[in-house]
Amino acid sequence: MMSLHPTPGKMAAVQDGPIELDAEKETKPEILSDGSSNLSGNTGSGSLSSSPLTAAPAGGAPKMEDQQTLIAVLQFLKRNKLSESVEILRREAGLAEDQEDSQAADGSGGGKSDGDGGDANSLLSRVSIAAAAAPQSTLTPMPVKSAEDQPDVRVVLSAYSQQGDPSLYQVYYSDLKNFIESVLDCHRAELSQLFYPLFVHMYLELVYNNHENEAKAFFEKFSGDQECYYLDDLRVLCGLTKKEHMKGNEALLDFRTSRFVLRISRDSYQLLKRHLQERHNNQIWNIIQEHLYIDIFDGMPRSKGQIDSMSGSLAGEAKREANKAKVYYGLLKEPEIEVPLDDEDDEAENEEGKPKKKKTKKDSMGSKSKKQDPNAPQQNRIPLPELKDSDKLDKIMYMKESTKRIRLSPENLPSICFYTFLNAYQGLTAVDFTDDSSLLAGGFADSTVRVWSVTPKKLRKVKSAADLNLIDKESDDVLERIMDEKTASESKILHGHSGPVYGVSFSPDRNYLLSSSEDGTVRLWSLQTFTCLVGYKGHNYPVWDTQFSPFGYYFVSGGHDRVARLWATDHYQPLRIFAGHLADVTCTRFHPNSNYVATGSTDRTIRLWDVLNGNCVRIFTGHKGPIHSLAFSPNGKFLASGSTDGRVLLWDIGHGLMFGDLKGHTDTIYALKFSRDGEILASGSMDNTVRLWDSMKAFDDMETDDFTAATGHIHLPDNSQELLLGMYHSKSTPVTHLHFTRRNLLLAAGAYNSQ
Amino acid sequence: MTEREERRFAEVPRESIKLMAESTGVELSEEVAALLAEDVCYRLREATQNSSQFMRHAKRRKLSVEDFNRALRWSNTETVCGYGAQDALPFRPLKEGELFFVEDREINLVELALATNIPKGCAETMVRVNVSYLDGKGNLEPQGTVPTAVQSLSEDLLKYYQQITRAILGEDPHLMKVALLDLQSNSKIAALLPYFVYVISGVKSVSHDLDQLNRLLHMVKSLVQNPYLYLGSYVRSLVSSVMYCILEPLAASINPLNDHWTLRDYAALLLSHIFWTHGDLVSGLYHQILLSLQKVLSDPVRPLCSHYGAVVGLHALGWKAVERVLYPHLPAYWANLQAVLDDYSVSNAQVKADGHKVYGAILVAVERLLKMKALSLTLATEGGSAALPGTAAGAVGFRENSPGLSPPPEPLSEPPLGIASHLQAGGAGCPWEEWTPVSLPAMYCELYSFFGDSLAVRFSTDPPLGGAPPAGPCQPLEGRKEPASVAPNLESTRKMPQLTASMNISPRQDGSPRTEPQPPSLAATAPGRSLARSSSSSVSRSRSSSSRPGRSTSQSRDIFPKARFPPPQAGPPAFAFIIGGRQMGRRCQGRRFQTSFTPTPPLTSLPPRAYAHKLPVIGRVSKPVRRWTCSHYSLHLPL
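Residues numbered from 1 in each chain as written. Chains lettered and ligands numbered in written order. Predicted model: local features only at pLDDT ≥ 70, side-chain atom pairs only at ≥ 80, totals over all residues. Heavy atoms only, no water.

1. Brief notes about the packing of helix 9 (residues 210-225) of chain B against helix 11 (residues 260-278) of chain B
All names here are of chain B.
Reasoning step 1: Contact geometry for helix 9 and helix 11: axes closest at 10 Å, N-to-C directions at 15 degrees. With respect to their mutual orientation, helix 9 and helix 11 come out roughly parallel. For the crossing formed where helix 9 meets helix 11, the hand is left-handed. Side by side, helix 9 and helix 11 meet where Leu210, Leu213, Asn214, Leu217, His218, Val220, Lys221, Val224 and Gln225 of the first sit next to His260, Leu263, Tyr266, Ala267, Leu270, His273, Ile274, Thr277 and His278 of the second.
Reasoning step 2: Per-class residue counts for the contact of helix 9 with helix 11 are 10 nonpolar, 7 polar and 1 charged. (Axes fitted to C-alpha atoms, helices over the stretch in contact; angles between N-to-C directions. Helix = DSSP H or I, 4+ residues; strand = E, 2+ residues; numbered from the N terminus. Parallel < 35°, antiparallel > 145°, perpendicular 65-115°, else oblique. Left-handed = near helix turned anticlockwise from the far one by under 90°. Contact = heavy atoms within 4.5 Å. Nonpolar A, V, L, I, M, F, W, Y, C, P; charged D, E, K, R; others polar.)

2. Some words on the nonpolar core
Reasoning step 1: In terms of nonpolar packing, the biggest core is built from 99 residues, with Ile362(B) and Phe451(B) touching the most fellow members.
Reasoning step 2: Considering every element that reaches this core, the biggest residue donor is helix 15 (residues 349-385) of chain B, with 13 residues.
Reasoning step 3: Here this core spans two domains, and each of domain 2 (154-271) and domain 3 (283-378 + 442-454) of chain B adds at least three residues to it.
Reasoning step 4: When neighbours within four sequence positions are excluded, Ile362(B) is seen to be in contact with Val311(B), Leu326(B), Leu330(B), Tyr333(B), Leu337(B) and Phe451(B).
Reasoning step 5: Core analysis: the next-biggest nonpolar cluster, separate from the first, contains 47 residues, Leu204(A), Tyr229(A), Cys238(A) and Leu272(A) among them. (Core = buried A, V, L, I, M, F, W, Y, C linked by side-chain atoms within 4.5 Å. Buried < 20%, exposed > 50% of the residue type's maximum accessible area, 1.4 Å probe, protein only. Domains from an automatic or database assignment.)

3. Examining the packing of aromatic side chains
All names here are of chain A.
Reasoning step 1: Evaluated as defined, the whole model comprises 37 aromatic pairs over all chains.
Reasoning step 2: Judged by centre distance (5.8 Å) and plane angle (50 degrees), the ring pair of phenylalanine 659 and phenylalanine 699 falls under tilted. Taken together, the positions of phenylalanine 659 in strand 25 (residues 657-662) and phenylalanine 699 in helix 23 (residues 695-701) put the pair 40 residues apart, joining distant regions of the chain. Note on accessibility: phenylalanine 659 and phenylalanine 699 belong to one class, buried.
Reasoning step 3: Of the aromatic side chains, those joined through ring pairs into one cluster are Tyr173, Phe195, Phe199, Tyr203, Phe218, Phe219 and Phe222.
Reasoning step 4: Above the face of the phenylalanine 444 ring, arginine 450 is positioned so that its terminal group lies 5.2 Å from the ring centre.
Reasoning step 5: In this arrangement the basic side chain of lysine 624 is found over the ring face of tyrosine 229, its NZ or CZ atom lying 4.8 Å from the centre. (Phe/Tyr/Trp six-rings, centres within 6.5 Å; stacked < 30°, edge-to-face > 60°. Lys NZ or Arg CZ within 6 Å of the ring centre and 35° of its normal.)

4. A closer look at a nonpolar patch on the surface
Residues and elements named next belong to chain B.
Reasoning step 1: A surface patch of nonpolar side chains, amounting to about 300 Å² of accessible area, comprises Phe91, Phe100 and Val102.
Reasoning step 2: Tracing the chain through its elements places phenylalanine 100 in strand 2 (residues 99-102).
Reasoning step 3: Residue classification places phenylalanine 100 among the partly exposed residues on the basis of a relative accessible area of 46%. (Patch = residues over 30% accessible without salt bridge, like charges linked within 9 Å, V, L, I, M, F, W, Y side chains within 5 Å. Areas by Shrake-Rupley, 256 points an atom, 1.4 Å probe, with all protein chains shown as cover. Salt bridge = Lys/Arg side-chain N within 4 Å of Asp/Glu carboxyl O.)

Rendered as structure tokens:
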């Protein structure tokens, strides 16, 4: 809000970058278990509201219209009980207290009440009014009296109101273009990054100020220069020619509410700065200062390839600092599972009379888990549910199965079974397998969820309460007796949602199923009774994805409201809200140690969130399209992401670096999965293929030297073809889901598409 | 570039806006319309862009109406009225001008509501798993994730299948009747065809149970007759099941009381029916069948009942099959049969009875061969002279009606080399390429040498119309003493009707009528009886004549020399032998023998068995046959 009317010539602010960053970091959403209201509307303004706190004092003597702003800010600060800042600001701006009060009295008078959102809005709109009333203010008349249903938007947009001669925009831009094209090659690539954000902001300024024709001409002249991966955004932009349209445009708001981040070497930056100062190209300089964040680093400028591999997201690259936080990516020890497990195992197994198997198993598992991973989080960093007896039995099964696991390698590729959904006229939208591959769930566009048993064991419901009273509860096979044989069937249909089901996830214990739907709810279903247990409401908008934690109990969901939420099955409100994405959260995945959540978004970034404190600990940029699939490697160190651009990117979580770019798919990648030991990465796509990649080789080739880690400058070898181990076609079935069984058989699922 | 940019997106012209406004009664100024038009364009684009995410999350490539409606709903806009469709709407361009429209055909609701063909519900959503790539190895060709029959059995079909099979194989004859009738006419059982075919292939497991075999064969017949079923390659499977019944020494054959002969007859007829109606579905079927029949026939180790099956099978396949396979093979086979028939020991009684069966079957087969051959010669002659206008029609009618004329053209279009190699590989008695048509008289002579009078007697006289099936065994004498070598010796003791047929026009022959080297005699002991049998013995044969009036013969083309009888009456072209016979003791006129027979008496009144008349030794149990023929499911072959 402070950046509403920045004075031309404030050039010093750029060096304050780090300070600003601190401020921004503080404002990372820290909503804890007290399930707060929907954050989506406030996310942007949250970060905006804080950064100016440091920037404003740097400004020069306030002019008349600035004074109005300052007063508004003072009131805002007061309302938020930031008395110290108020004092400083007042002192620096030279405002008398009475002056401020009188100004406030002029206003609508609602500003003094306790600070809810509506109050702030009315205050802010007064700022605009005042600004418009000022004689030397902008050429454009502000829409004064319009009933503002999106006041934040107004404020955001009003930043554009200050501008220069519209006819000169083309001159400015082409001047910069000429300059950048004339500089040394090594700098050119870096400075070229400026084109796109500058272009967008200048265009929007023109549109905002009702210079429709100039805007169109500007767009036509320069849109061809932009990188091809921005084409989708440009398409949205080109339709936008009216100021009125800007208000409701989410893509635009995304662009405005976040600062476009560029990484530029100090040399290049100095070059640019000198040029702009020489030319007095204030227009561009202002935009750089207000809307861009230039992350300056020392050292060699990056090459075009390096830049391209990292750019493409809606808000530029991630700041280097954003990926510096320590991430405990190691796996949790399983001692407390194992020790009692073995004890019980002894008894159980001895009763069954096969102690042999157990012994070997204990040994293998014991040696594995005794090593404490230095990168692992504390065992109780996140409270995890205690294991039930059935869970322990399942663990035993898991261990038994894993001893029979096939070791995969490039020479020994997995067999693939394809589960084809036939006659899925309702539109298959999501699929999930249980970990033991015994159940299969499909979410459909007709709002149903269907569960199939893919083993001969049929699905049975628990008997009704009346019948349950009749059974002998003391008998050994009581668990068998409670099931109603009459209901046995191969599949069950779960009705309850009122919109397409976009995400399904089984609980690890196979007792529950989660489904997320367009109707804004996440539902928890019991697989014992095949009824809905809970409807988790909170997203209010379509929920694109949901997933159970690997330990159960927790689950995460993400949706159109741009936030991901962490829930516990026994809380009807979310425990955490992960806010920060600039567009829809399209997919959500739990880290194997359950301490982190990865989210992929339409803003073409991937974020890693700490479940403990809700912080965003990693931002990965590089995809050129919305991200639709994520997969953690079984060891927790790596993350793979697939997007609509048909590429799979590999990320090193510890260092926060991209280390692989797997090209080959020709359509959106909807499914990614690492094999049980992580040697093979399988990707499934809309292009009806499953591809297998040599992830082991990719891990080994990774550059982990200190320099790369420190600078974040990556050199990606273009070795997709070497890493591609196999490509497998289906006839006409897009691959919706992939799953490795415990023995490393690859299961793929999709709906046969007859067209 | 500007031009390209200008056409970045579709625009709604202001004229359209004005028109729309006018239609709701609002008058718009030019300015307002322009502004509105631009806004409408923008909103449309925005909604479209928003809707694309619904498409992406539904993992589709096509934007659907539903997606757009959702986008509208989430942007608080009233959705467009109408239905969202799952399928993409066909979007058609108009050739003239750049006009696109959604095809919206009118639907006649009345017709739809009153339609009798209720559309089937869509099949249930299901999951099928198949191993696509084993150990990561697989060709790069698209693999079959798509089964050929995507539509699987619905609950109803499954029930139907169970009921039908239960009814057919069950005890209740009435239920069976109903089930078979339904199977014959139901139009919705295409999906079940493989299952039924599978059931039918179970003949091999019930070869001890004649009743079950019969039921299965009836099932075949119903399937074959169902006009809604496309049998496709299942024909092969059906044929092999039927062939099994014809040829195999069934477990049921061990007991002489079991009437497996009837079963074989029925199966043979069924085979010919399948072949004549569906033979074109599988290429080379004809030759395959011939080959396997020939194999059986030439295998002396096989029991006589198998040989019998082969003969009746050949007979059912038509006279050409008989001519090509049975006739050349006869000399070799005859020795074996003779040995069996000449063995009068008690222990051989059963085998000998079987031998008589075979004998009778061969007799019937060659009889028709002779008749048909004569007929075809006549027709060829008539066709060649093109003198008679009715020939074509007659030929066509014959072609349609007779199973005996010739196989459909398709099987014969096989490359001759292939056929030859087939037959040679099979150890055929007569290599295919060496086969040359034998002239009718020569053939008759040769056959007469085998059968003697019992052949001649077939050419004696008309059957009494609807005559009651003669009771009582035939005279034992003739059957036993027919071998050619014996015939001359017995000549004096027998009544010797003389065959005095002649051929008037015979382009095949060199013009000079040949005289039979040895005029065969016509057995006159019980001519009326035997012919009555012959006319009604084989259903297929009687079928062939059913469409013709009994006695209408246009002109006689007497094949055999010394024809003394003028054509008795004119009529539609048909062929008749006039066989002059001289009987000892009394002179009588030659008997006319016709290729066209009187209409078959109703099947129920038929004598039970085709070949029952010939050999008195065979004490046939006619009871099951009667039941069979009395049932509604008698052989009614529309050949």
